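Architecture at a glance
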Amino acid sequence: MTDPSTIERHDYDVVVIGAGGAGLRAAIAAHEAGARVAVVCKSLLGKAHTVMAEGGAAAAMGNVWPEDNWQVHFRDTMRGGKMLNHWRMAQLHAQEAPDRIHELEEWGALFDRTPDGLISQRDFGGHRYARLAHVGDRTGLELIRTLQQRTVALGIDVYMECTITRLLLDGGRVAGAFGYWRESGRFITFDAPNVVLATGGIGKSYQVTSNSWEYTGDGHALALEAGASLVNMEFVQFHPTGMVWPPSVKGILVTESVRGDGGVLRNSEGRRFMFDYIPEFFKAETADNEEEADRWYDDKTNNRRPPELLPRDEVARAINAEVKAGRGSPHGGVFLDIASRRSDDYIRRRLPSMYHQFKELADVDITAEAMEVGPTCHYVMGGVAVDADTEESSVPGLYAAGEVAGGMHGANRLGGNSLSDLLVFGRRAGVAAAERTARDGDRPRVSDEQIREAADTALAPFEREGAENPYSVHHDLQNVMHSLVGIIRTENEMREALDEIQKLKERAAQATVEGHRQYNPGWHLALDLRNMLRVSECIARAALERTESRGGHTRDDYPMTDDEWGKVNLHCRIEDGGDVVVSREPLPTMPDDLSGLFE
Amino acid sequence: MGYDLKIRVWRGDSAGGDLADFTVPVEEGEVVLDALHRLQATQAGDLAIRWNCKAGKCGSCSAEINGHPKLLCMTRLSAYDPSETITITPLRTFPVVRDLVTDVSYNYEKAKEVPAFAPEERQPDGTYRMAQRDVERGQEFRKCIECFLCQNVCHVIRDHEENKEAFAGPRFFLRYAELDMHPLDTNDRRKLAQEQAGIGMCNITKCCTEVCPEHIKITDNAIIPVKERVADRKYDPLVWLGSKIGRRRRDARTESD
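Bear in mind the structure is a predicted one, so any value in this text is a computation, not a measurement.

Attention now goes to the overall build of chain B. Looking only at helices and strands, chain B features 11 helices and seven strands. Here the C-alpha coordinates of chain B stretch approximately 65 × 40 × 30 Å along the principal axes. Burial analysis of chain B (257 residues in total) assigns 55% to the buried set. Considering only residue pairs separated by 6 or more positions, chain B has 62% of its internal contacts joining residues 24 or more positions apart. Charged side chains of chain B number 38 positive and 41 negative; the gap between the two group centres comes to 5 Å.

So, on to the layout of surface pockets. Its volume calculated, the second largest pocket comes out at about 1,300 Å³. Taken together, 42 residues make up the lining of the second largest pocket; nearest its centre are A:Lys204, A:Gln478, B:Asp34, B:His37 and B:Trp51. When contributions to the lining of the second largest pocket are tallied by element, the ones reaching two or more residues are helix H13 (470–484) and helix H15 (521–545) of chain A together with helix H1 (32–42) of chain B. Among the elements that take part in the lining of the second largest pocket, H1(B) stands out by supplying six residues, more than any other.

Turning our eyes to something else, we now look at the packing of helix H5 (residues 218–226) of chain A against H15(A). Each pair of packed helices can be described by the angle between their axes along with the distance between the axes. Residues and elements named next belong to chain A. At a minimum axis distance of 8 Å, the contact between H5 and H15 shows a crossing angle of 80°. Taken together, the axes of H5 and H15 are roughly perpendicular relative to one another. Counted together, Asp218, His220, Ala221, Leu224 and Glu225 of H5 and Asp528, Asn531, Arg534, Val535 and Cys538 of H15 form the full contact between these two elements. A class-by-class count of the residues in the contact of H5 with H15 yields four nonpolar, two polar and four charged.

Moving on: the pattern of salt bridges. Residues and elements named next belong to chain A. Counting across every chain of the model gives 78 salt bridges over all chains. For glutamate 234, the salt bridge identified is with arginine 546, shortest N-O distance 2.6 Å. You can see glutamate 234 sitting in the loop between strand E12 (230–231) and strand E13 (236–243) and its partner arginine 546 sitting in the loop between H15 and strand E19 (568–574), a full 312 residues away along the chain. Grouping residues by exposure puts glutamate 234 and arginine 546 together as buried.

Bringing the side chain of A:Ser329 into the picture now. Locating A:Ser329 in the fold gives a position in the loop between helix H8 (312–324) and strand E15 (334–337). Ignoring anything within four residues of it in the chain, the contact list for A:Ser329 reads A:Val334, A:Phe335 and A:Glu372.

Our focus in this paragraph is the nonpolar core. Membership of the largest hydrophobic core comes to 224 residues, with the highest contact counts inside it found for A:Leu197, A:Leu398, B:Ile7, B:Leu36, B:Leu72 and B:Ile88. When sequence neighbours within four positions are dropped, the list of residues in contact with A:Leu398 reads A:Leu167, A:Val174, A:Val195, A:Leu197, A:Ala223, A:Ala226, A:Ala228, A:Glu391, A:Glu392 and A:Ser393. One finds A:Ala454, A:Ala455, A:Ala458 and A:Trp523 within the second-largest nonpolar core, a separate group that totals 16 residues.

What follows concerns the packing of H13(A) against H15(A). Residue and element names in this part refer to chain A. Between H13 and H15, the least distance of the axes is 9 Å, while the angle of their chain directions is 25°. In this view, H13 runs roughly parallel relative to H15, as classed from their interaxial angle. Read as a crossing pair, H13 and H15 show a hand that is left-handed. Facing H13, whose interface residues are Pro470, Tyr471, Val473, His474, Leu477 and Met481, H15 presents Pro521, Gly522, Leu525, Ala526, Leu529, Met532, Leu533, Ser536 and Ile539. The residue makeup of the contact of H13 with H15, split by class, is 12 nonpolar, three polar and no charged.

Definitions and cut-offs
- Here the residue index of a chain counts from 1 through its sequence in written order.
- Lettering for chains starts from A, numbering for ligands starts from 1, and both go in the order in which the items are written.
- Residue-level local features of this predicted model are given only where pLDDT is at least 70; pairs of side-chain atoms are given and counted only at 80 or more, and the full residue set underlies all totals for whole chains, interfaces and linings.
- Heavy atoms throughout the structure, all of them, feed into the side-chain values; hydrogens and water do not.
- Numbered from the N terminus, helices here are DSSP runs of H or I no shorter than four residues, and strands are runs of E no shorter than two.
- When a residue's accessible area, from a 1.4 Å probe over protein chains only, is under 20% of the maximum for its type it is buried; when over 50% it is exposed; and in between it is partly exposed.
- Residue contacts follow a heavy-atom distance rule, with two residues in contact if any of their heavy atoms lie within 4.5 Å.
- Note that His is not counted, nor are the chain ends; the positive residues are Lys and Arg, and the negative ones are Asp and Glu.
- The atom standing in for a charge is NZ when the residue is Lys, CZ when it is Arg, CG when it is Asp and CD when it is Glu.
- Whether a set of points on the 1 Å grid over the protein atoms alone is a cavity depends on a 1.4 Å probe fitting there but being unable to get out, while an open set qualifies as a pocket with protein on both sides within 12 Å along at least five of seven lines; lining residues are those with an atom within 4 Å of a point.
- Grid points are joined across faces, edges and corners, and a volume is the space filled by probe spheres set on the points.
- All axes here are fitted lines through C-alpha atoms, helices being fitted over the stretch that makes contact, and every angle between N-to-C directions spans 0 to 180 degrees.
- Oblique is the label for every angle not falling under 35 degrees (roughly parallel), over 145 degrees (roughly antiparallel), or within 65 to 115 degrees (roughly perpendicular).
- Polar here means any residue outside two lists: the nonpolar Ala, Val, Leu, Ile, Met, Phe, Trp, Tyr, Cys and Pro, and the charged Asp, Glu, Lys and Arg; Gly therefore counts as polar.
- When a carboxyl oxygen of Asp or Glu lies within 4 Å of a side-chain nitrogen of Lys or Arg, that pair is called a salt bridge.
- Remark: nonpolar core denotes a set of buried residues (Ala, Val, Leu, Ile, Met, Phe, Trp, Tyr, Cys) joined through side-chain atoms within 4.5 Å.
- Each crossing is labelled by how the near helix is turned from the far one, with a counterclockwise turn of less than a right angle marking it left-handed and a clockwise turn marking it right-handed.

This is how it looks when you write it as C-alpha cells:
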C-alpha cells in the first residue's frame, strides 16, 4: 500500500490537464488573470494532437470576403451541426474567433497573407465564405508552437509526460488531481480547487483513425467518474479523406484543404459522384453541375458551392456508399484528384505537407496522380456538458474546453471550427477558473484515503496474476468500435457491441503488465484502457438510444432525420455501480434574434 | 509480401544496457515504428518508445536507425533489404531514460533562454500588415517539428557534453533567425545569439541540415545569415537599422538558395 505522505505534492489555483490548443490557451488566460497555474500533459510540450491540424482556423474576419460576419459563421456552424449545437456556444465562438486569431499574431504567429498584407483565408466545407486563417497545410503546428512559446515566455509551470488518472474531490467539488510521471512511474498529487480538462478526443478506440496515441478519452472518463455528464456522445466524426494505402498509414488525415483548393472526388468510373449525394437540406446552396461548381472558386456571388465541400458527414457517407456499390479505388477508397485541376507549383505551395506525406509514405506524387482516400475516425462532437459562458461542468471547479467539451458542434463539426473552438473556449475556461479562485475563500482538501485508493488502482496491473495482454484488449476494442459502432449503425450491431464492451471490461480488469514502473508503455496502456472502454460504452449507448440519422450518427434502421429528435440532447452519466445511463434533455432555446437567421 | 524482419533494439536505462535481437513479422508498406509496435504488442510489452502522431508531424519518435538519426514513423522498411538486420538505438546526444526514450530536457531549457517575441504596435486600423514573401522566410523555420535530430547530430554537443551549457544548438539558431527575420519583432537578438546561444561555436558542417525531416535549410538560411548579422552588428550599426526598416540585398540572395 502506498503511503500518501511519500508522494510528490504541489499546490496550484488552476491545474490544466492537456497541452494542446485549448489547454495552453486556458493556462495563458488563467495566468494572465493572476492565478497560479500548472499544465500537466501526457507527452512532451508541443506534441499534442493540435499539431496535426492542417487546414486552418475558422474566423469571420472578412479579409477575403468582406460580406462575412459572425452571424453568417454562426449560421453555417448551426446548420453544419444539424441544429443540435448549443446556440450560445456557437454564438460566442463565431463572435470571438477573430480576436483569438489576431492575438496569435501578437505572440508571433505567421499566417499566410492576402495581397494587401492581411491574414489570408481559405475555403472549407460548410463555410459560406473563405474564412480559414491558415499556414499552408500546417496550421495546427503554427498554433501550438505560438501558444507553447507564449506559455514558456510567461514562465507557466509545465509537467511533461505526466498522466492524470483521477480527479480528487472534496464534498462534490474539485480538490485536485492524481497521476504518475511516465518517465519514472512515480506518483504525483496536485492540490487545486480548479481543474480544466483539455484532453482532446477518443479516436484511439477506433481501428482506423487520424488521431494520435494520446486520444484515449481521458478527460471524458475523468469527468464521468467525478460526476459530470457527457452530452452528444453518439456523434463521432469520420473525416471523409484519410489515407487508405499502404495499410500502415491507413487513417492518416488528408486535409480538407485539398478540396477547398480545387480538388475533387471521383469513383472508379471517373465520375464526380458527389453530385449524386446532395441532400435536400443543402440543395439551395450547392451547385448541381460541374461548370457552376468550378466557377464558384473565383466567383462566389453568382455560383453555388461544389458538392465536394458539403459538410464532412455528408461526404463521408457518400464515399462509404460508393465503395459499397463497388465503385471504389483499388485499395478500398475513392480518388481525390487535384493533379489534373491545379498546377504543380500551386499544389506544392498550398499543400506542402500533403505533398511530402504522400511522397514519403505512399510513393504517390500528388501533383501527377490522384490520391486514394476513405473515411477515418477524426473527432468526437460529444463531450463534457458545460456552461456555455464559463465552460464549467456540473461539478464545481471542473471545466472542460476543446474536443473534450460537448455542445459547441452539435451533430457534426465543420472543418476549421476546431482550432478556433480551442482558442475561444480555452481562454474562457482559463478566465473563469481564475475568477473562481479569487472569489472562493476556503480551499477544498484532498483526503489521504483518496490518494491511497488512486495509487492502489494505478498499481493494480502489476499486482494481478491474470493473463490478459493490454495490447490485445485494445486491439479487440478497436475492432468492435470500428465494425459495430462505426460510420453506419444498426440496433443489433450496437447491442452486440455493448455485450462485447462488457466482456472487454472484464478482460481489461485482468490486464497484467511486465517489467517495472519506469517508462512502461504496457502499464500506461492498461490504465488508458479503462478510459477508452468507458467512452466507448457511452458512444454505443447514446447511439442505440437515438433512433434517427443526423450528422455524425447514421442509423441504417432509421435512415431519416426526425424533427422530434431535433429537440433533445442525450446525456451520459455513470451511476454508483459504474454503468452508463443515458437521459434525454431538451435543447436550450435559441433567442428570437438568432433564430431569425434561419428563416 | 510480408516477411520476418530481424531487428536489434537497444534495451536498458541510465545504468546501462545492451542490444537485444528480435524477429518480427512485417507487411508491405510498413515503417520502422510499425515493426516496433508489433514487437511491443507481442514480445516486449514494456519496450519504451516515445511517439505520438505516426505521421511525421509531431517529431516525437526520433531515434538512430543503423546509426542514422531518423524519425521511426517516416522510415519505410522498403529502404532496407529484407535479409538485413536493422539496429535501433536511442539518440546519442541525450541521456537515456529507458530503451529508446531519451531525456531531451536540454532542449526545453534552451527554449526558455530565447527572449520572447516583442511585436511593434498595430497599424491605426488595428491590423498587422505583412507581405507574403516576408512571412515565408520565417515560415520555413516554423516548419520545425522539434524532433531534435539536428541537436542530436550536432558535433558541438554530440561528443562534447561540456559545450551544452554555452551552446543552444541548431534548433534554437533557427528560432533566433526566425525572430530576427520576423517582420514585426523589435528586439535585436544578435548579441544574445553570439554571447548566450554560442552561435560562434558552430562551424557550419551542415550535419543538422542533412538530417532535418522537414528539409529546412538550417545552415544556409538560418545559421549563416545570423552569423553574418552578428558580424555586421559589431561593425555597422547602419546596416542593422536598415534590416529593421526594409529588406536587405543579402536576404534576397539567401532566400533563393
